[in-house]
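Each chain, letter by letter, is given below.
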Amino acid sequence: MSIDHPSFGKLDSGRIIIFDTTLRDGEQSPGFSMNLEEKLRMAEALHELGADVLEAGFAIASPGDFESVQSIAKRFSKDGPVVASLSRANTADIMASIEATKPAARPRIHIVLATSDLHMRVKLRMTREEVLARITESVSLARNHAADVEWSAEDGSRSDLDFLCRCVDTAIKAGATTINIPDTVGYSLPADMALIFSTLINKVPDADKVIFSAHNHNDLGLAVANTLAAVQAGVRQIECTINGIGERAGNASLEEVAMALRTRHDVLKLRSGIETKRILRTSKLLATITGFDVQPNKAIVGRNAFAHESGIHQDGVLKDASTYEIMTPESVGWTTNSLVLGKHSGRAAFRDRLKSLGYEVGDNQLNDAFKRFKDLADRKKVVYDEDIAALVDDEVGRANERIRLTGMTVATGMGTRPMATVVLEVDGEPAEGMSGGDGAVDATFNAIRQAFPHDSNLKLYAVQSVTGGTDAQARVTVRIEEGGKLVDGQGADTDTIVASARAYVHALNKLLVKRQRTEPPAVSAAE
Ligand code: KIV
Ligand code: ZN
């Protein structure tokens, strides 16, 4: 059996479409917001990872969202992913999505409308008949402008199943090409998923002309299990996010579903287009951008996911890794020989290593990253792949920064008040600050504030270690707020105080960009 889809053409029934919503549902979760440049980097990484559809945002939500959807839409050609924008079932939302995705080679309009009795009564204040009429109106409007339209039944998994069949039938008749049934509140069990999708697929006329999609939240820790149950019932699109980020407890994690499909191909007999070797670096890129690492025991991408602690396990793995490993660490991008380069390594070897880690950097970025690598190799006994990734991720996107940290000294000790001196370059002009503080980081931040006066408040300060050992690099995240605008900055260095200063300066640069971006883009035919 095969489906003829407007964006994918003839799709054989063994192919799973990976719809990544890291940039929409993922970005919606507290602390995970990204700026335009970060979203573009993430979109590029997701494309290289092999995601088929990128939900780039919710175009009507804010001028910033509109701009990101539009910029991501412009970025990809026909060989790139389908670019989707979310809309509620009203004209203004749909027209904003149409406008924002217009530059895409393969645009998708995604429409969501609640179908559970609870949501219809309390939230929408609409009757079932009104909801059915709204599905027809909204999907038809989108189809007048786009060939690829996805319709989602919000709270679909808690909806009356007979009514859900009518909704899906109505959406298909109005021209929807993908039907998504979200488990919006993460309430379902795998058996519920199987029942919902098998009923829809068997009962709704023309169900075989569309792709069914699952979108599961993880409130009961069942998002991946539910997704796999949906797939076994005939779903061919999976909505998921890197590291499982998303509203509340998050969404199904892309890396987990992709590896379940691959590792249990014997049972599932399905395949995605995910280049699994790129999984780890995509996960790490998201952690670097957002400043939140996954927990150590996170499946696939957690630090301990392939670590064997017990003697019995270690012995087994040494004899034959398959005794305790159901997939190889290399298959998801972990490298066994992660000791890479030393202080005598040259630029060509460095560039080569970057390439094998999946980084394609321009000459200027290479020069800056190479300087920092040499500096790191001087200070750190061994330089691991993770160190190089942290360093490059820290460097990328800084080329156009208006504020640069060019020097700093900190004096601290027991019984003395720490003092910091910081030298910045602000729009090419040197600016110096000197201050004391309650600790070395506080003194450093006060000195930065003196060199570049501003009114923001510090909202979050977090330190993580990139690798083990006392000479490990620290990766610092700083969140600041100014007039309701929140921005996160990251910095990495073997010296935690330098990493902190870099993170603070990074956040200030992002704040400057945010200050400039105030004008909303035009939205035509708004309701
Ligand atoms: O969880 C949900 O219901 C959603 C929809 C917008 C698809 O995210
Ligand atoms: Zn969701």
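Residues numbered from 1 in each chain as written. Chains lettered and ligands numbered in written order. Predicted model: local features only at pLDDT ≥ 70, side-chain atom pairs only at ≥ 80, totals over all residues. Heavy atoms only, no water.

With respect to unusual backbone geometry
Turning to step 1, where the next piece is worked out: Phi at N243 is positive, roughly 60°, even though this residue is not glycine.
Turning to step 2, where the next piece is worked out: Mapped onto the fold, N243 is located in the loop between β10 (237-240) and α10 (254-263).
Turning to step 3, where the next piece is worked out: Judged by its relative accessible area of 11%, N243 falls in the buried class.
Turning to step 4, where the next piece is worked out: In this structure, R248 is a non-glycine residue whose phi angle is positive, near 50°.
Turning to step 5, where the next piece is worked out: Summarising the element assignment, R248 is placed in the loop between β10 and α10. (Helix = DSSP H or I, 4+ residues; strand = E, 2+ residues; numbered from the N terminus. Buried < 20%, exposed > 50% of the residue type's maximum accessible area, 1.4 Å probe, protein only.)

Brief notes about the environment of P453
Turning to step 1, where the next piece is worked out: Structurally, P453 is set in the loop between α17 (440-451) and β16 (457-465).
Turning to step 2, where the next piece is worked out: In this structure P453 comes out as exposed when scored by relative accessible area, which is 64%.
Turning to step 3, where the next piece is worked out: With 46 residues separating them in the primary sequence, P453 and A499 have C-alpha atoms 20 Å apart.

Things to note about the coordination of the zinc ion (ligand 2)
Turning to step 1, where the next piece is worked out: Distances from the zinc ion (ligand 2) to its protein donors, D25 (OD), H215 (NE2) and H217 (NE2), fall within 2.0 to 2.1 Å.
Turning to step 2, where the next piece is worked out: All donor residues of the zinc ion (ligand 2) come from one chain, and their arrangement in sequence is D-x189-H-x1-H. Here D25 is found in helix α1 (residues 22-26), whereas its partner H215 is found in strand β9 (residues 211-216), with 190 residues between them in sequence. Neither residue differs from the other here; D25 and H215 are each classed as buried. (Donors = N, O, S within 2.8 Å, 3.2 Å for Na, K, Ca; no water.)

As for the sheet that holds β10
Turning to step 1, where the next piece is worked out: With parallel pairing, the 8 strands of this closed barrel are ordered in space as β3-β4-β5-β6-β7-β8-β9-β10. For this sheet, the mean angle separating the axes of adjacent strands, direction not counted, is 25°.
Turning to step 2, where the next piece is worked out: Two elements, strand β6 (residues 107-114) and strand β7 (residues 149-154), share 6 bridges in a ladder whose sense is parallel. Bridged to I109 within β7 is V149. (Pairing = 2+ DSSP bridges. Axes fitted to C-alpha atoms, helices over the stretch in contact; angles between N-to-C directions.)

Some thoughts on the pairing of β9
Turning to step 1, where the next piece is worked out: Within β9, 6 of the 6 residues are buried, which leaves the element mostly enclosed by the surrounding structure.
Turning to step 2, where the next piece is worked out: The side-chain alternation of β9 yields two buried faces, one formed by I211, S213 and H215 and the other by F212, A214 and N216.
Turning to step 3, where the next piece is worked out: Bridge analysis of strand β8 (residues 178-183) against β9 gives 6 bridges, and the strand direction is parallel. Following the sheet pairing, P182 is matched in β9 by H215.
Turning to step 4, where the next piece is worked out: Note on the crossover from β8 through helix α8 (residues 190-203) to β9: the handedness is right-handed.
Turning to step 5, where the next piece is worked out: Relative to β10, β9 runs parallel, the two being bridged by 3 bridges. In the strand pairing of β10, H215 is matched with E239.
Turning to step 6, where the next piece is worked out: Handedness of the β9-helix α9 (residues 223-232)-β10 crossover: right-handed. (Right-handed = clockwise from strand over helix to strand, strands pointing away.)

A word on the sheet that holds strand β17 (residues 474-482)
Turning to step 1, where the next piece is worked out: Strand order in this open sheet of 3 strands is β16-β17-β18, and the pairing throughout is antiparallel. At either end of the open sheet lies a strand with only one pairing partner, and these are β16 and β18 (485-493). For this sheet, the mean angle separating the axes of adjacent strands, direction not counted, is 15°.

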